[in-house]
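Structural characterization, general
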Amino acid sequence: RVSLEELMVQVLYLELGCPKQFLRLAVNSPSDRALDAAQSFLLSFGVVERLPGESTPEVEEPSIGPVAEQEPEQAPPASQSGGASRPPERIVVPDSWDEAMDVEPVAVSGETGGDGGPSRGFGGVQVAAAGRSPVRLTHLGVHLARIPVPLRIGKLLIYSFLFGCVDPILTVAAALSHRDPFVFPLNKEDDADAMRLELACDTQSDFASIVNAYNMWHATPRNQRQKVCWRYFLSPSAMGMISELRSQLLGTLRDSGFSVGNVQPRRTEMTAFDWHLPNAVLCSGLYPQIAFIRHPYKVLAGDSDSARSSGGGRGGGGGGRGRGY
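Residues numbered from 1 in each chain as written. Predicted model: local features only at pLDDT ≥ 70, side-chain atom pairs only at ≥ 80, totals over all residues. Heavy atoms only, no water.

**Some points on the packing of aromatic side chains**
Our working definition: Two aromatic rings, drawn from Phe, Tyr or Trp (for Trp, its six-membered ring), form a pair once their centres lie within 6.5 Å of each other, and the interplanar angle then sorts them: stacked below 30 degrees, edge-to-face above 60, tilted otherwise. Helix and strand definitions follow DSSP, with helices as H or I runs of at least four residues and strands as E runs of at least two, each counted in order from the N terminus. Exposed residues in this analysis have more than 50% of their type's maximum accessible area, buried residues have under 20%, and partly exposed residues fall in between, with area computed by a 1.4 Å probe over protein chains only. Here, a charge over a ring is recorded when the distance from Lys NZ or Arg CZ to the ring centre is within 6 Å and its angle to the ring normal is within 35 degrees.
Inspection of every chain in the model, using the stated rule, returns four aromatic pairs. For the pair Y214 and W217, a centre-to-centre distance of 5.8 Å together with 35° between the ring planes defines the contact as tilted. Taken together, the positions of Y214 and W217, both in helix α10 (residues 206-219) and three residues apart, correspond to about one turn of that helix. Here Y214 and W217 have matching classes, each one buried. Over the ring of F45 we find K155; its NZ or CZ atom is 4.2 Å from the centre of that ring. Seen from the ring of W217, R225 lies directly overhead, with NZ or CZ sitting 4.2 Å from the centre.

**Remarks on the pattern of salt bridges**
How we decide: A pair is scored as a salt bridge if a Lys or Arg side-chain nitrogen falls within 4 Å of a carboxyl oxygen belonging to Asp or Glu.
This structure, assessed with the given rule, holds six salt bridges. The partner of D167 in a salt bridge is R246, with the nearest N and O atoms 3.1 Å apart. On the criterion of sequence distance, the pair formed by D167 in helix α8 (residues 166-177) and R246 in helix α12 (residues 236-255) is long-range, its members being 79 residues apart. Across this residue pair, the class does not change: D167 and R246 are buried. Three or more residues joined by partner-sharing salt bridges are found here, namely D180, R196 and D206.

**Here's the deal with helix α6 (residues 139-146)**
What counts is decided by this rule: This arc corresponds to the set of directions leading from the helix axis out to the C-beta atoms. Note on definitions: a residue-residue contact is assigned when non-hydrogen atoms from the two residues lie within 4.5 Å.
Among all positions in α6, only L140, G141, L144 and A145 are buried. End-on view of α6: buried residues confined to an arc of 135°, all on one side of the axis. Against α1 (4-13), α3 (32-45), β4 (135-137) and α7 (151-163) lie the buried residues of α6.

**Notes on the packing of α10 against α12**
Selection rule: Think of each axis as a best-fit line through the C-alpha atoms, taken over the contacting stretch in the case of a helix, with angles from 0 to 180 degrees between the N-to-C directions. Small angles under 35 degrees read as roughly parallel and large ones over 145 as roughly antiparallel, with 65 to 115 read as roughly perpendicular and the rest as oblique. Classification convention: Asp, Glu, Lys, Arg as charged; Ala, Val, Leu, Ile, Met, Phe, Trp, Tyr, Cys, Pro as nonpolar; all other residues, Gly among them, as polar.
Between α10 and α12, the least distance of the axes is 11 Å, while the angle of their chain directions is 95°. Classified by the angle their axes make, α10 and α12 are roughly perpendicular. For the pair α10 and α12, contact is made by A213, Y214 and W217 and by M239, G240, I242, S243 and R246, respectively. Taken together, the residues of the contact of α10 with α12 break down into five nonpolar, two polar and one charged.

**Focus: the confidence of the model for the chain**
Going by this rule: Each residue gets a pLDDT score, which is the predictor's confidence in that residue and runs from 0 to 100.
In the predicted model, the chain carries a mean pLDDT of 75, and the fraction of residues at 70 or more is 68%. Contacts from residues 58-72, a stretch scored under 50 in pLDDT, to residues over four places away or in other chains number eight contacts. In this model, residues 78-128 is a region of pLDDT below 50 whose contacts with residues beyond four sequence positions or in other chains number 58 contacts.

**Observations concerning the side chain of T252**
One can find T252 in helix α12. Looking at T252, the relative accessible area reads 17%, which means it is buried. In this structure, T252 is in contact with I147, P148 and V149, ignoring residues within four places of it in sequence.

**Comments concerning the environment of S259**
Inspection of the secondary structure assignment puts S259 in the loop between α12 and α13 (276-286). In this structure S259 comes out as exposed when scored by relative accessible area, which is 65%. Spatially, the C-alpha atom of S259 lies 8.9 Å from that of F161, the residues being 98 residues apart in sequence.

If you want it as structure tokens, here you go:
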């Protein structure tokens, strides 16, 4: 299964016209509300941008009335048309994928594609025209269309490469693709929370605790990793899957054209000082699905001025520390 947002990105990348109109041609087409929400997400995520002069959404095509209200067109007689009527052209479906890839894209006469020209087909399979698209892929969107991972994971990988923090982001992306490696046994929830807080150091970040847990697990000899998992309430299978997904994501990043060198997990824990840059990359990659804790002001009776000067403000000020990433 592919998300609707990723499908719209592929439609734009293949230049098949307007994504919303193209997806309406499907047998079980998504609702207009789902298409609008997906396009709004892509705009806010920085994957697509509106074309110049396209400030308003495209005009919906008028609905076709009942068939009974339309008069059928009369075909001209054979004597007037100059001969027998020609049968409609048949769509040739290739027998194999290799055969389809060996055939050049064909143009369908009488139909226009997303750029105003003829629509394209592959291997003789004609692609219906979907009209001109009011949006286009950004440079980030082009890179994300080439990386076969979810959009948020792909954006995390690209930003981690640009800012030089591939190692911790690989671990976080692998954990997001699989599941949380921490387990909470019955009647030991408090002990598990204490171990998780210990691994987070002074970052107050769940992601940092996962990164530190993986780095410690990776640096431990294989015959002793089970003990580490028992002590810190980690799932051995989840840690092994995260390690495998890290390798796959790193290979995907390299195959997409990013020259990433040798990435090895660090052997020391990540502190709050080390976590500033990965935290910023996570915020940009996961936006707009982020949250911010704002603590209320605490006003004491009879001393409101001093209370406001020392009370909590925004973002975990004096009134308390907001838990971030």
